[in-house]
Amino acid sequence: MAPNLVAFCLLVTTTLLAPPPAASFGIDDAVDTVDFVKEVVHDILNIWDVVGTKIVPDDTILPPFLKKKNQKILDRMVQVARSVDKAQDMLMSSSVEAIGNLKYDLANLIQYNSAFHELIDKINKIDAAHRDFTDYINRTDKYERHTTESFAVYVVSHNPDSVQKLTEQLHQLIVPETGPYSFNDKSILLQLREGIEEVDANICNIQQSPQQILYNIYVSLQMTQLKGYTMMQFSWMLLRLYNRGNFTLEAETSRNKYVQQMKQQVQIAKETIADASTAMWRCDARKQVEDETYTKLTRLLQGYIVNEVNLNRQKSCGESCGYYSHTEQYSCYEGGFCHQQLKCEGKITDCTFVDSDMEICSTEIRSHRRYNWIKYKNGKQMGQDQTCTNVRKVDSWWRYLLWHCSYCFCLCDDARFSDRYFNLRPAISDTGLNRVVTALRFTKYNHVIHLQIQEGELLPKGLINETSVHWVPLDDYSVGKADSRPGVDYHMMSWDERALDLDDIVAPTGYVMTGVKFRKLGTHLNLEVRITPFNFTTGHLIKPHKKSEWISNDNTDGSEKPRQLLTSLASKDLDIPTRGPSENKPDSRNDTFLLFTHSSIDADVAQHTVPFFDTQQVAPNPVTPLAGAGLMHKGLPKFGGYVAPKVFTYNMADHLQSDFGDLDKNSSV
């Protein structure tokens, strides 16, 4: 077997939210392990009916009709064993990409917890036994009777390493014994949830919410115990066929015990999983690539060099740079550098004097930057030192020997050639085809930031038809053209309207997410989520065109408890996030807001707008319906960070059932 850590990672990344495999008994309800278990147990009961209650003679003297009966029993055993294997293969293959990440995220948690090592050891042994078992019953004509008979004896023996005992020990880890002499009264599921909560900010690589992780572990444990149960039942059948005894009572006792254990475990799982977070977001990309892993607003509050003579109607130089806190450029009086750069046609704010004379490294016209660096005569430098082919010497001057016409460093808010727009049109899944939102990502298209949705067809029991999953195309329009209207189709950020609300918007139970959109709320940009009721059993959306609704956090500046500004962006010395020394971490909370601002004056000449946008897709793997969405900020001290979407997976805890129907009776085999 693989090392313990890798095996544990496989456990955590297994899932039951993928299309079910074909099986003899029809796994048509893969989201609920109870239904799966009931089908298998019923099938085994049917095989016992074929076995009968009489002990038959040794197979070597069987008449042909009894030999045919025995072969039928073995064939049915093979059929069930193969079905369980197929289901296990399906479960184990759906989230392979997350294994490597989880190995590091939970390494310390696993390393120092002996219960996890014990859990993995038992799972490995049961899996190894099941491989041998499957091989034996698939090739009974190749193996000697002694081989298969001794294996069956091992499976149901009272040896501590027998399958029967390993399965009991596994149950005790999930539902620990209580009492004054119990060694550990905390379920392994609860221990894992607490461990995940400890490292919550470090599991963003897994592409599953904490609740999904726990749910998938629970499912994997059920599959392992189901293997153990089928091996025990088939072992007693084989021993009866081999004339070693009747084993009716043993089989019946095992079945009743197994059903009771599953009932206890599902209750523990519901209690543990219900309190786990359903939120999922993405860690920083390992390598940041613009317009691939991130994008940004451009030329919003950008550093700008301008002489004070051009900042007033009188073309005078009688004030200081600090006087011009909110103005515009009225002229290009002095010529020279004024004519060598793109004029700021918008608001000019926050001017300051640094030094009279300087050298400026200007960029190419097509660049979103104006300058790469500025070196002042007094030795001060703004920006990163680099080779420059377009250096201009810029000097302040005296006018009439009385006024010093100084060059000021200001902020320019000019919408021309600027990417500063947000889509206000709703992004809605095709509810007419029973499709729901399954993922989100930020995308910039035609200079507009969109929150793009992925959709997929909703199936019964919270499943998604994976063949239907795709990203919904963006609305194709251009800012300033006849096909778009400001305030209706798009919002333009500006100096006085640059706030973005950070919220977690989650639907109540019984609803799934079918759309998202931005709206204007006062001067803030605010997120709304469209939710639609659905029938969990059938998977059908309930009158989506009538009963769908938009939900949001309507808290504004004038509320009794107004939103709090995200303080991590309050500094005026924030470098761009792609220069950060380590991974950004979430530093925002629900019901707050941020103001887009300029990057560091010293480190970047205030040439960028921060924060940037994380454009990685936030898509749970396996695909699952969502119950909500949110916006968050990830940052580091002294860096602008990223705005990132988060999603909330549908809460499956409410649908874990513990009803085993007629199996929950002490009926005989």
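Above this text is the structure in question.
Note that the structure is a prediction, hence the values are computed from the model and not measured. (Residues numbered from 1 in each chain as written. Predicted model: local features only at pLDDT ≥ 70, side-chain atom pairs only at ≥ 80, totals over all residues. Heavy atoms only, no water.)

Participant: Can you help me understand the overall build of the chain in this one?
Facilitator: Helix and strand content of the chain: 14 helices and 31 strands. By residue count, 57% of the 669 residues in the chain fall in the buried class. Taking all contacts inside the chain whose residues are at least 6 apart in sequence as the whole, residues at least 24 apart take part in 73%. A total accessible area of about 28,600 Å² is found for the chain, and carbon and sulfur atoms account for 49% of it. (Helix = DSSP H or I, 4+ residues; strand = E, 2+ residues; numbered from the N terminus. Buried < 20%, exposed > 50% of the residue type's maximum accessible area, 1.4 Å probe, protein only. Contact = heavy atoms within 4.5 Å. Areas by Shrake-Rupley, 256 points an atom, 1.4 Å probe, with all protein chains shown as cover.)

Participant: Got a minute to help me understand the packing of helix α6 (residues 114-138) against helix α10 (residues 210-241) in this structure?
Facilitator: Describing two packed helices takes the angle between their axes plus the distance from one axis to the other. The N-to-C vectors of α6 and α10 enclose an angle of 45°; their axes lie 10 Å apart at closest approach. One way to sum up the angle between α6 and α10 is to call them oblique. For α6 against α10, the interelement crossing comes out left-handed. For the pair α6 and α10, contact is made by Leu 119, Ile 123, Ile 126, Asp 127, Ala 129, His 130 and Phe 133 and by Leu 221, Thr 224, Lys 227, Gly 228, Thr 230, Met 231 and Phe 234, respectively. (Axes fitted to C-alpha atoms, helices over the stretch in contact; angles between N-to-C directions. Parallel < 35°, antiparallel > 145°, perpendicular 65-115°, else oblique. Left-handed = near helix turned anticlockwise from the far one by under 90°.)

Participant: Even after reading the chapter, I still don't get a nonpolar patch on the surface, so can you show me in this structure?
Facilitator: Among the surface-exposed residues, Tyr 400, Leu 402 and Trp 403 lie close enough to one another that they form a single nonpolar patch of about 390 Å² accessible area. Among the structural elements, Leu 402 can be located in the loop between β10 (397-399) and β11 (403-405). (Patch = residues over 30% accessible without salt bridge, like charges linked within 9 Å, V, L, I, M, F, W, Y side chains within 5 Å. Salt bridge = Lys/Arg side-chain N within 4 Å of Asp/Glu carboxyl O.)

Participant: How should I be thinking about the sheet that holds strand β8 (residues 381-383) in this particular structure?
Facilitator: Strand pairs in the sheet, formed through backbone hydrogen bonds, run parallel or antiparallel to each other. Ordered in space as β8-β7-β6-β9, the four strands form an open sheet in which the pairing is antiparallel. At either end of the open sheet lies a strand with only one pairing partner, and these are β8 and β9 (391-395). The average angle at which neighbouring strand axes cross in this sheet is 15°, direction not considered. Summarising the sheet, strand β6 (residues 357-362) and strand β7 (residues 371-376) pair through five bridges and their orientation is antiparallel. Each residue of the ladder has a partner; that of Glu 359, found in β7, is Lys 375. (Pairing = 2+ DSSP bridges.)

Participant: Quick question: what am I supposed to make of the packing of aromatic side chains here?
Facilitator: Working definition: an aromatic ring pair is given by the centre-to-centre distance plus the angle between the planes. Evaluated as defined, the whole model comprises 20 aromatic pairs. Judged by centre distance (5.8 Å) and plane angle (20°), the ring pair of Phe 133 and Phe 234 falls under stacked. On the criterion of sequence distance, the pair formed by Phe 133 in helix α6 and Phe 234 in helix α10 is long-range, its members being 101 residues apart. For the pair Phe 133 and Phe 234, one class covers both residues: buried. Here Phe 151 and Tyr 154 contribute two aromatic rings whose centre-to-centre distance is 5.8 Å and whose plane-to-plane angle is 55°, an arrangement assigned as tilted. (Phe/Tyr/Trp six-rings, centres within 6.5 Å; stacked < 30°, edge-to-face > 60°.)

Participant: Can you help me understand unusual backbone geometry in this one?
Facilitator: Phi is mostly negative for residues that are not glycine, and the peptide bonds are mostly trans. Of the consecutive residues Val 610 and Pro 611, the connecting peptide bond is found in the cis state with omega at 0°. Secondary-structure assignment places Pro 611 in the loop between β28 (609-610) and β29 (612-614). Cis geometry is found at the peptide bond from Asn 621 to Pro 622, where omega equals 10°. Assignment of secondary structure puts Pro 622 in the loop between β29 and β30 (626-636). In the Ramachandran plot, Arg 299 falls in the positive-phi region, its phi being about 55° despite a non-glycine side chain. With respect to the element layout, Arg 299 can be found in the loop between β2 (294-295) and β3 (302-307). The phi angle at Asn 434 is positive, at roughly 65°, despite the residue not being glycine. Relative to the helices and strands, Asn 434 is located in the loop between β14 (427-428) and β15 (435-445).

Participant: Teacher, can you tell me more about the sheet that holds β3 here?
Facilitator: Across the sheet, which stays open at both edges, the four strands sit in the order β3-β12-β5-β4 with antiparallel pairing between neighbours. The sheet terminates laterally at β3 and β4 (326-327), the two strands that pair on one side only. Across four bridges, strand β5 (residues 347-352) lies against strand β12 (residues 407-413) in antiparallel orientation. Bridged to Thr 352 within β12 is Phe 409.

Participant: Is there a simple way to explain the environment of Ser 396 in this structure?
Facilitator: Here Ser 396 is to be found in the loop between β9 and β10. Between the alpha carbons of Ser 396 and Asp 357 there is a distance of 6.0 Å; along the sequence they are 39 residues apart. Leaving out residues up to four positions away in the same chain, Ser 396 has contacts with Ser 356, Asp 357, His 404, Cys 405, Ser 406 and Tyr 407. Only 2.8 Å separates the side chain of Ser 396 from the backbone oxygen of Ser 356, close enough to count as a polar contact. At 3.1 Å, the side chain of Ser 396 forms a polar contact with the backbone nitrogen of Tyr 407. (Polar contact = N/O pair within 3.5 Å; in protein donor to acceptor, adjacent residues only side chain to side chain.)

Participant: Just to check I follow, could you spell out the state of the cysteines for this structure?
Facilitator: Note: disulfide means a covalent bond formed between the sulfur atoms of two cysteine side chains. Following the criterion strictly, the structure yields seven disulfides and no others. Each disulfide pairs two cysteine sulfurs, and for Cys 351 the partner residue is Cys 410, the sulfurs being separated by 2.1 Å. One disulfide, between Cys 351 and Cys 410, carries an S-S torsion of 110° and so falls in the right-handed class. You can see Cys 351 sitting in strand β5 and its partner Cys 410 sitting in strand β12, a full 59 residues away along the chain. Take Cys 351 and Cys 410: they sit in the same class, and that class is buried. (Disulfide = S-S within 2.5 Å.)

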